[in-house]
Amino acid sequence: MIKVLNPGLATSVQDMGRHGYYHLGIPQSGGMDQLALQAANLLVGNPADAAVLEATFMGPELEFTADTVVAVTGAALTPKVDGDAQENWHSFPVKAGQVLSFDYLKGGARAYIAVAGGIDVPIVLGSRSTYALGALGGFKGRPIAVGDEIPVGKASGTAGRTLDASLRRAPASPAEIRVLPGIYWHWVTDESGARFYADTWKVAPEADRIGYRFRGGEPIQFTERERPFGAGSDPSNIVDGCYPYGSIQVPGGTEPIILHRDAVSGGGYFMLGTVISADMDLIGQMQPHTPTRFVKVTMDQALQARADRMALIGKIKDALG
């Protein structure tokens, strides 16, 4: 059992996500940085898809009621056991009665706290992930709070394991996010489309599990066209369509929004394109004001990037057994 002394900021239970219900309006949820989540689990001897705690910007303060093994990956948020600093991307022991806390954030945005045995909350629609907007899954359908007692599965982890730095990923500065143009790309003028990729954007403060907003680039200019019946008056409006995971909306043509793990599945804004799946983990580690460039890629390049990411995850699994 884990007793929550301080929940940190928006700390929630997450696993690899809730799949198969997007057509019903239920998003996949799950860890924003799936690679870091899997690595944390493997470091403590869990299956890669076990449930963990995802902490955003600020870590929680947790008291453990039994001996266990813990690992923290993702953001550079140094863990401490009774005040003694531990390494990130490394498994370490925590004894019954000891308290896990965190130093201030030095890089990235989200840390993944894996405990041997995994966070043992009920499975809801195939996942333990928290979807807070729908009060679904996780610990009582919400982020953790002071006084919560979080159940942990029974397992014996191995302390002293480290994931080599060459097998970790983090966004560069400026971050480069690869984009596959969407079916509405023809709505954008050629000059404006080229400028979208040439400009340096910055992550806005409105960046969370639902979506990441970007500011600082030139507004999108739309081509002249006959408005479809049923669309709204905004130049970016469409008759409602489906939103892929990672799709980029540009309401009013001004500020791109990348839809992430807890986003809605459809709506009335056109989609400029879609961030490739291989780069969605990086977005989850980007802080507000991070300079960002969008890079246009082809489908073949997107598929190769996905294969490269899967190969990297395979190397992590091989390294950690």
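What you are looking at is a predicted structure, and each value in this text was computed from that prediction instead of being measured.

This part covers the pattern of salt bridges. For the coordinates displayed, the defined rule picks out twelve salt bridges. We note a salt bridge from K106 to D103, for which the minimum N-O separation is 3.5 Å. Looking at D103, the relative accessible area reads 30%, which means it is partly exposed. Two residues, R128 and D120, come together in a salt bridge whose shortest N-O distance is 3.4 Å. The exposure class of R128 is partly exposed, given its relative accessible area of 24%.

A separate point is the side chain of S29. Its place among the elements puts S29 in the loop between β2 (12-14) and α1 (34-43). Of the residues examined, S29 reaches a relative accessible area of 0% and is grouped as buried. Apart from residues no more than four positions distant in its own chain, S29 is found in contact with Q14, G17, R18, S129, T130, Y131, R209, R261 and D262.

Here the focus is the packing of aromatic side chains. Applying the stated criterion to the full structure yields eight aromatic pairs. Judged by centre distance (5.4 Å) and plane angle (75°), the rings of Y184 and W187 are edge-to-face. In this structure, Y184 and W187 share a single accessibility class: buried. Between the aromatic rings of F196 and Y197, the centroid separation amounts to 5.1 Å while the plane-to-plane angle is 75°, which identifies the pairing as edge-to-face.

Attention now goes to the pairing of strand β9 (residues 99-105). Alignment of strand β4 (residues 61-64) against β9, held across two bridges, turns out to be antiparallel. Looking at the pairing, L62 lines up with L100 of β9. Direction of pairing for strand β6 (residues 77-81) relative to β9: antiparallel, over a ladder of four bridges. Each bridged residue has a counterpart across the sheet, and for V81 the counterpart in β9 is L100.

An order of β7-β6-β9-β4-β1-β11 is seen for the six strands of this open sheet, with the pairing classed as antiparallel. The open sheet has two free edges, formed respectively by β7 (84-85) and β11 (149-150), since each of these has just one partner strand. Pairing of β6 with β7 involves two bridges; the strand directions are antiparallel. From the neighbouring strand, V81 faces β7, where its bridge partner is D84.

This paragraph deals with helix α4 (residues 299-320). Over its 22 residues, α4 runs 32 Å from end to end, which matches the ideal 32 Å to within 8%, given 1.5 Å per residue. Those residues of α4 that fall on the buried side of the exposure criterion are A302, A305, R309, L312, I313, I316 and L320. For α4, the angular spread of buried residues about the axis comes to 95°, placing them on one side. For α4, the exposed residues set more than 90 degrees away from the buried face come down to D300, K315 and D318. Here the buried face of α4 lies against α1, β12 (175-181) and α3 (280-283). Looking at the residues trailing α4, positive phi occurs at G321, about 70°.

Residue P174 is bonded to the preceding S173 through a cis peptide linkage, with omega at 0°. Mapped onto the elements, P174 comes out in the loop between β11 and β12. Look at L125: it is not a glycine, yet its phi comes out positive at around 50°. Structurally, L125 can be placed in the loop between β10 (110-115) and β11. Residue class for L125 comes out partly exposed when judged on its relative accessible area of 34%. Notably, H289 is not glycine yet its phi reads approximately 80°, a positive angle. Position of H289 relative to the elements: it lies in the loop between α3 and β20 (291-296).

So, about the domain arrangement of the protein. Looking at the assigned domains, one finds that the protein contains domain 1 (2-167) and domain 2 (175-312). Taking the mean C-alpha position of each, domain 1 and domain 2 sit 29 Å from one another. Counting from both sides, the interface comprises 29 residues of domain 1 and, opposite them, 23 residues of domain 2. Across the domain 1 to domain 2 interface the summed buried area is about 1900 Å²; carbon plus sulfur atoms make up 47%. For the pair domain 1 and domain 2, the interface holds one salt bridge. For the interface between domain 1 and domain 2, the tally reads 17 residue pairs in polar contact (both at pLDDT 80 or more). Among the secondary structure elements, those contributing two or more residues to the side of domain 1 that touches domain 2 are α1 and β10. Of the residues that constitute the side of domain 1 that touches domain 2, the class distribution is 13 nonpolar, 13 polar and three charged.

Conventions we followed
- Residues numbered from 1 in each chain as written.
- Predicted model: local features only at pLDDT ≥ 70, side-chain atom pairs only at ≥ 80, totals over all residues.
- Heavy atoms only, no water.
- Salt bridge = Lys/Arg side-chain N within 4 Å of Asp/Glu carboxyl O.
- Buried < 20%, exposed > 50% of the residue type's maximum accessible area, 1.4 Å probe, protein only.
- Helix = DSSP H or I, 4+ residues; strand = E, 2+ residues; numbered from the N terminus.
- Contact = heavy atoms within 4.5 Å.
- Phe/Tyr/Trp six-rings, centres within 6.5 Å; stacked < 30°, edge-to-face > 60°.
- Pairing = 2+ DSSP bridges.
- Expected span 1.5 Å × (residues − 1).
- Arc of directions from axis to C-beta.
- Domains from an automatic or database assignment.
- Buried area = accessible area lost by both parts, 1.4 Å probe.
- Polar contact = N/O pair within 3.5 Å; in protein donor to acceptor, adjacent residues only side chain to side chain.
- Nonpolar A, V, L, I, M, F, W, Y, C, P; charged D, E, K, R; others polar.

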